[in-house]
Amino acid sequence: MGPLLLLTSTLLSSYLHPWRVVDAQKSFTIRGITLSVEPSTDVTRDTNVTIRCQAIVSSSGHQPLSREYTIYKDGIVVYTKTSSSSEDFLYQLYNARVSNTGKYMCKVTIEGEQRQSETKKLTVTGLSPPHLHINNGVISEGEELTASCTAPGETGSIIFYFYEGSKEKREERVNTNHVEVSFPLSSSGIHKLYCVYTILITPDSIWSEKSNSVTVTVRELPITPVLEIFPLQDIYEGDRLDIFCTVKNVPRNTNNLDVYLSQGDQLLSSGITEANHSMTALAKDSGEFECRLQMGHVVKPVSKKVSVTELFSVPTLTMSPAEVFQKEPMTLTCRSESFASERLRREELTYSLDPPESFLIPRGNGEFSGKALPYEFNYTCTAQAKGIVKHSKTLTVHPRVSVSTPRISVVGKAVLGRPFQIRCESDFGSLPINYTLLENYDPLHTVIVKQPGQQALFIVTFRHPGKTSKYMCEAKNSHKDGKLSETVDITAIEPLSQPLLTIIPTLSEIAEGTNLLLICSVKGTPPVTFKIYRDGRDQPLFTTNSYDNNTSFEIRDLSKEDSGKYYFEAFNPANNVISSEHIHVEVQLAMWKKVVIGGFCLLAVSVLVVVLALFFKSKRGKREAAAELSVKPSSPKSDDSLTVNLTHDTEVYNAATVKVNRTDSVWSERPPADNDEESSMVSHEPDVEYTEVVHPRSADPARVPLRKGTDTVYSELQNSPHDAAAADHHPYQGSVEYAELNGEQPEINKYHPEVNKCQDLPVPVD
């Protein structure tokens, strides 16, 4: 039931609202948005401006699309409207004002898809002149003036400025084209007023021209302040001053009247209608006194200057000597450099030292003597006469501390040929301190230490090896004699050089099982650290620290694995690493191994000699046995034998006699081998016999040359049953199938290939 209702509802919804059927694919696309400003992007005031927004949309349906247009000015939304029309959207600016100046942009939204145009800037020029109006052209002194300024027809955010001459009186920011303010004028008389305004346009502002000028007359009030000072002249310190501040012509029913008497920034007295003050004159009181009347916005001041003659000057406290050391004598002197002799005698002027527990004794009028304290102390001098007391500035006495006995030390290492530093320092002493370096009691150089933490460093260089010098330093910070440090003997460290690696025994005598002694030596200042290496190993074979310039290392029971290149590295406190030459060590075989190998070699040679002797002996026997060539009959049943004896004078082809006899011939008959395994087998091939023929060297140059020595020719004779009859007909004939000369015969094969061909035996000559 449920699925049926759902299907029915879906069909009805599709029938009643066919345009709301959700399509999996979007039926439109926004191709572009164009913004234009008409008639121009630069117009004058009161021009009607149209902001045109054109949306280029492609759609597949016939139903209109709902489009939302949004207009932005300087990034802020100024107008929004929704429309189903495909026509361009127009945003009208009637009677454009400067406040309409800005960057405009249009954004179009269709069914959630947004597209925006590029920005276009509209500039509107021309401001209306401002108009100033005041409520009254004549006001009394202290009365506020009410003024209004209008920017006709202007819109936007406006700032109005009100001026009195060139002086700005008021500033007011509003969002309308009219403002009203109240302010007092500065003084009585005639005043010229005007106003201007500016319209705020991001990021600039545009100013208007000046408004009309308005004249305002301010009537002065008759009320005035009066200042009286007694005495006004010939005033000395200690005299009494009486000062009166009053008001003349006070109007009736005045409730906001105030009077103030002041000197500089010090308020002496105040009141409603008068302010009075009495005081003992001091030199510091010389200056201007002011009586000030204030009634609302009306302010009237009056002032007078007073000059007070100094009875005596401010005392000065000095110390002698200028530098004093702890617990050394010193004198403090207190003096007033000037005094009014017409009013004061010098004997009337007394001095004292503050604080009293300064441990200094008065020696005269203004002099105090004693010993400097071991720490710094503050002193003040007081001068007094006729009730006038004056204090000097504070004098801080810094008793200097005598320098302590200096210490001398070497910074780093003194290496031959390299600069090194010698440091002189004292544990305490007042700065500056003069440090002088002495070599064998002769001064070399002086360094003045002026700042805390500064060190006295002297640069020294040793040029000669083995040189030892005595150094000391002197510290001085006063007129007294300086203090000397202890003497230090400095010997330069000679850097290592001339590395030499010696190997015992000699390289030719190094064999397995023997010992190898490596002796390393260098030139330089010990201690020396030696490291012996063999190529192929990162870690040293031997490391030692020697107080001599040489060391040795022994490798026992050498083996072939100990072969290689040996070298050593060395360094001393000068920190220069030197390396010796690489010596190649080849460990030879042990003597007993050489003897065994030699014995085996002799044995092998003996065996080889015996084998060769037997071989040649066997070869010689075979040659003698091959002098006769035995031919086995092709038929095992025939007991006839065929023997051919070839005799040559000079060559194979020149046979003297060839004779064939079935019963008695020169061919030797091979004895039968009944128990031979091969003879028991029936052979279908002709029997082959080989014989060796000795050929003397040919004397005929036209013939095929033969090699020197003895050549061997093997002739293969074949007998077959079919040839038996031929043999009876020609008993002397035989068939030669194969002939070969013993040894290499490249010449014969190359120039006379017929030698290897089968030939008939030559016919015997009668």
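As the structure is a prediction and not an experimental result, all values here were calculated from the model.

So, on to the pairing of strand β45 (residues 516–523). Burial along β45 is one-sided: the residues Leu516, Leu518, Cys520 and Val522 are buried and none of Leu517, Ile519, Ser521 and Lys523 is. Where strand β44 (residues 497–504) and β45 come together, six bridges link them in antiparallel fashion. Considered in β45, the bridge of Ile504 is made with Leu517. As judged from the six bridges shared by β45 and strand β48 (residues 550–555), these two strands associate in the antiparallel manner. Looking at the pairing, Leu518 lines up with Phe553 of β48.

Now for the state of the cysteines. This model, assessed by the stated rule, comprises four disulfides. There is a disulfide in this structure between Cys149 and Cys195, and the S-S distance comes to 2.1 Å. On the sign convention where negative is left-handed, the bridge of Cys149 and Cys195, at about 70 degrees about the S-S bond, is right-handed. You can see Cys149 sitting in strand β12 (residues 144–150) and its partner Cys195 sitting in strand β16 (residues 189–201), a full 46 residues away along the chain. Residue Cys149 is classed as buried on the basis of its relative accessible area, which comes to 0%. Disulfide partner of Cys245: Cys291, at an S-S distance of 1.6 Å. Linking Cys245 and Cys291, the disulfide has an S-S dihedral of approximately 65 degrees and is accordingly described as right-handed. Within this pair, whereas Cys245 is found in strand β21 (residues 240–248), its partner Cys291 is found in strand β25 (residues 287–295), the two being separated by 46 residues in sequence. Judged on exposure class, the residue Cys245 and its partner Cys291 are both buried. The connectivity of the disulfide bonds within the protein can be written as 1-2, 3-4, 5-6, 7-8, using the sequence rank of each bonded cysteine.

What follows is about the pattern of salt bridges. A pair can form between side chains of opposite charge whenever their charged atoms are brought close. A full pass over the atoms with the stated rule returns 24 salt bridges. The salt bridge involving Asp88 is made with Arg52; its shortest N-O contact spans 3.5 Å. Of this pair, Asp88 sits in the loop between β5 (76–83) and β6 (89–93) while Arg52 is found in strand β3 (residues 49–59), placing the two residues 36 residues apart along the sequence. Overall, the relative accessible area of 25% leaves Arg52 in the partly exposed class. The network of salt bridges with shared partners includes Arg45, Asp46, Arg97 and Glu154.

A few words now on a positive patch on the surface. Together, Lys617, Lys619, Arg620, Lys622 and Arg623 line one region of the surface with positive charge. Mapping Arg623 onto the fold places it in helix α2 (residues 591–625).

What follows covers a nonpolar patch on the surface. On the surface, Trp592, Val596, Phe600, Leu603, Val607 and Val611 cluster together into a nonpolar patch covering about 630 Å² of accessible area. In this structure, Val611 sits in helix α2. A relative accessible area of 46% means that Val611 is categorised as partly exposed.

Moving on, we come to the environment of Pro129. Inspection of the secondary structure puts Pro129 in the loop between β9 (120–125) and β10 (131–134). Judged by its relative accessible area of 43%, Pro129 falls in the partly exposed class. Placed 82 residues apart in sequence, Pro129 and Ser211 show a C-alpha to C-alpha distance of 6.2 Å. Those residues in contact with Pro129 that lie beyond four places of it in its chain are Thr150, Pro152 and Glu209.

Confidence in the prediction for the protein averages 79 pLDDT; 78% of positions are at 70 or higher. Across residues 1–24, confidence stays below pLDDT 50; counting only partners more than four residues off in sequence or on other chains, it has three contacts. Predicted confidence for residues 629–766 stays below pLDDT 50, and this span has 169 contacts to residues more than four positions away or in other chains.

For the rest of this paragraph, the subject is the environment of Arg67. Along the chain, Arg67 falls in strand β4 (residues 67–73). Taking the C-alpha atoms as reference points, Arg67 and Thr82, 15 residues apart in sequence, are found 5.5 Å from one another. Excluding anything up to four places from it in sequence, Arg67 contacts Ala55, Val57, Lys81, Thr82, Ser83, Ser85, Ser86, Val108, Thr109 and Ile110.

Our next topic: the nonpolar core. Judged by nonpolar contacts, the single largest core of 25 residues is most densely connected at Phe160, Phe162, Phe183 and Val216. A per-element tally of this core places β16 first, with five residues. Once residues within four sequence positions are removed from consideration, Phe183 is found in contact with Glu144, Leu145, Ala147, Phe162, Lys169, Arg170 and Leu193. Listed in part, the 24 residues of the second largest apolar core include Tyr236, Leu349, Leu360 and Ala383.

Reading the values: rules and limits
- Residues numbered from 1 in each chain as written.
- Predicted model: local features only at pLDDT ≥ 70, side-chain atom pairs only at ≥ 80, totals over all residues.
- Heavy atoms only, no water.
- Buried < 20%, exposed > 50% of the residue type's maximum accessible area, 1.4 Å probe, protein only.
- Helix = DSSP H or I, 4+ residues; strand = E, 2+ residues; numbered from the N terminus.
- Pairing = 2+ DSSP bridges.
- Disulfide = S-S within 2.5 Å.
- Salt bridge = Lys/Arg side-chain N within 4 Å of Asp/Glu carboxyl O.
- Patch = residues over 30% accessible without salt bridge, like charges linked within 9 Å, V, L, I, M, F, W, Y side chains within 5 Å.
- Areas by Shrake-Rupley, 256 points an atom, 1.4 Å probe, with all protein chains shown as cover.
- Lys, Arg positive; Asp, Glu negative; His and termini not counted.
- Charge placed at Lys NZ, Arg CZ, Asp CG, Glu CD.
- Contact = heavy atoms within 4.5 Å.
- pLDDT = per-residue confidence, 0-100.
- Core = buried A, V, L, I, M, F, W, Y, C linked by side-chain atoms within 4.5 Å.

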